[in-house]
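Architecture at a glance
Okay, here's what each chain looks like letter by letter:
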Amino acid sequence: METSIDQENILKKKALRKMKNSALALLGFAVLLFIIAIYFKIPMLQAFSEAAMVGGIADWFAVVALFKHPLGIPIWHTAIIPTKKNEIGENLGNFVSEEFLNREKLEIKLEEFNFATKASDWLSQEENANKIANLVAVNIIPGILKTIKDEDIKRFIQVQFKEKLEAINFGDWVALALEPLQKGNVKDELLTNILDFMSTELSNNKDLIRKKVKESTPFLSFGLADKSISEGIFNGLAEFLDEAKKPQSEIRIKIDEYVYNFLDKVKNSEEMRIKINNMILGFAGKKEVQDYINGIWDEIKLSISNDLEKGDQSSIKKSISGLIQTFGNGIKEDSVMIDKINNFIKNDLLSILLNNKKVIGELISSTVKSWDGKEVSEKLELEIGKDLQYIRINGTLVGGLIGIIIYCVEWTYHYFVF
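Not measured: the values here are computed from a predicted model.

1. Considerations on the side chain of Ser49
Inspection of the secondary structure assignment puts Ser49 in helix α2 (residues 43-67). A relative accessible area of 0% places Ser49 in the buried class. Here the side chain of Ser49 touches Phe34 through a polar contact of 3.5 Å, landing on its backbone nitrogen. In contact with Ser49, other than residues within four places in its own chain, are Ala30, Leu33 and Phe34.

If you want it as structure tokens, here you go:
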């Protein structure tokens, strides 16, 4: 599949070929004029065509010699670009590091450019924000999802979950949550409500109690003891709960003491806190909980993928675009932030570039040196070869005009002197 760069190179090759043919056609026309001038003995036309041919051929040689050996003959000082590639790269690196990376020149340009303002204006435009958001949503996020391993993420979540749980003292949390029960009427109200609930459930399950008692009594009793036993159990439990509801009853006092002692242990006993922590951590270590935690990443990944498939309607893409626009507008309206960004670029970033300009120059030089000489020559010819063909055309035309001028001077000299 052809990319936009491939299509652009095809167009450049066509344009270069067209210009080469035009220059060659003009040189061929000069040769034709020379033949006509010789045949019909036209001195001025002969002078024009001779000079045009010399100029055209000389400039053809000069242009071709930049990129390769003319006619494939390894003439001295030809194929300059591929043979002098290393020197060109070194000179280019030195030029960039010494001339382009110059503090005074760069500071003036940065002052004029006002990077922060231009960048914020660009980012605040919806079209530009959508371009960045689309790049992130289409390329970056899917690329990250494909690159990372699910096992590593799940392992990371498991480790983080375990470390966070172990760092939490659940005993303190439980003690803090239960502390209000030791104060005021909260504990009494809660206990009364629990006892009321138990009384209600006891009444609602009277038949169940009888059934359980019957199943537990000996077969030889013929069910004679079932009713009396079940009634005794039921009545005993009911009386116990009714007595416990009375605030000053002995049962209620004992229950209060038990609750108070339990809360006190939770609050002050390190052993009780350890038990609570171990109980919660043990629950978190169960397979069902671990499977649920592992499923969190699968759900997140699936949600992200499904959302990105919506294209322009993607919530993630819209959110990214909105954040970029908000960021751009925020900077644009914040003069302090604009000054900070510009100063950072002018001072800090510029200092980093200048302190490493030698490294940058060496990087450019080594990069150019690593290129294939023939490939560099072909690429440069593709970029500037079309314009260089005008040198050949101009050489042919200018050479012909100079030939006419020389002929006229010579004719005048002979006519008036001799």
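2. Details of the packing of helix α8 (residues 150-167) against helix α15 (residues 287-308)
Close contact between α8 and α15 brings their axes to 10 Å; oriented N to C, the two are set at 130°. By the angle class used here, α8 and α15 are oblique. In this structure, α8 crosses over α15, and the sense of that crossing is right-handed. Of the residues in α15, those in contact with Asp150, Ile153, Lys154, Ile157, Gln158 and Phe161 of α8 are Gln290, Ile293, Asn294, Trp297, Asp298 and Lys301. Grouping the amino acids of the contact of α8 with α15 by side-chain chemistry returns five nonpolar, three polar and four charged.

3. Digging into the side chain of Ser314
Structurally, Ser314 is set in the loop between α15 and α16 (315-332). A polar contact is formed between the side chain of Ser314 and the backbone nitrogen of Lys317, at a distance of 3.2 Å. If we skip the residues at most four places from it in the chain, Ser314 touches Asp307 and Leu308.

4. Looking at the nonpolar core
Leu123, Ala129, Ala133, Val136, Ala137, Ile141, Leu145, Trp297, Leu308, Ile320 and Ile324 together form the largest nonpolar core, which totals eleven residues. Of all elements in the fold, only α7 (126-147), α15 and α16 reach the threshold of two or more residues within this core. Ranked by residues supplied to this core, first place goes to α7 with six residues. Residues within four places of Ala137 in sequence aside, it is in contact with Pro142, Leu308 and Lys317. One finds Leu191, Leu195, Leu241 and Ala244 within the second-largest nonpolar core, a separate group that totals seven residues.

5. Examining the layout of surface pockets
Put simply, the largest pocket is a space of about 210 Å³. Lining the largest pocket are 13 residues, and of these Lys20, Trp60, Val64, Lys68 and Arg392 lie nearest its centre. Mapped onto the lining of the largest pocket, the elements with two or more residues apiece are α1 (4-40), α2 and α19 (373-417). Classifying every residue of the lining of the largest pocket by side-chain character gives six nonpolar, three polar and four charged.

6. Considering unusual backbone geometry
The backbone of His77 shows a phi angle near 60°, a positive value even though the residue is not glycine. Residue position: His77 is located in the loop between α2 and α3 (80-83). Here Ala79, not a glycine, exhibits a phi torsion of approximately 50°, which is positive. With respect to the helices, strands and loops of the structure, Ala79 is situated in the loop between α2 and α3.

Rules used in this analysis
Residues numbered from 1 in each chain as written. Predicted model: local features only at pLDDT ≥ 70, side-chain atom pairs only at ≥ 80, totals over all residues. Heavy atoms only, no water. Helix = DSSP H or I, 4+ residues; strand = E, 2+ residues; numbered from the N terminus. Buried < 20%, exposed > 50% of the residue type's maximum accessible area, 1.4 Å probe, protein only. Polar contact = N/O pair within 3.5 Å; in protein donor to acceptor, adjacent residues only side chain to side chain. Contact = heavy atoms within 4.5 Å. Axes fitted to C-alpha atoms, helices over the stretch in contact; angles between N-to-C directions. Parallel < 35°, antiparallel > 145°, perpendicular 65-115°, else oblique. Left-handed = near helix turned anticlockwise from the far one by under 90°. Nonpolar A, V, L, I, M, F, W, Y, C, P; charged D, E, K, R; others polar. Core = buried A, V, L, I, M, F, W, Y, C linked by side-chain atoms within 4.5 Å. 1 Å grid on protein atoms, 1.4 Å probe; cavity = no way out; pocket = protein on both sides within 12 Å on 5 of 7 lines; lining within 4 Å. Points joined across faces, edges and corners; volume = space filled by probe spheres on them.

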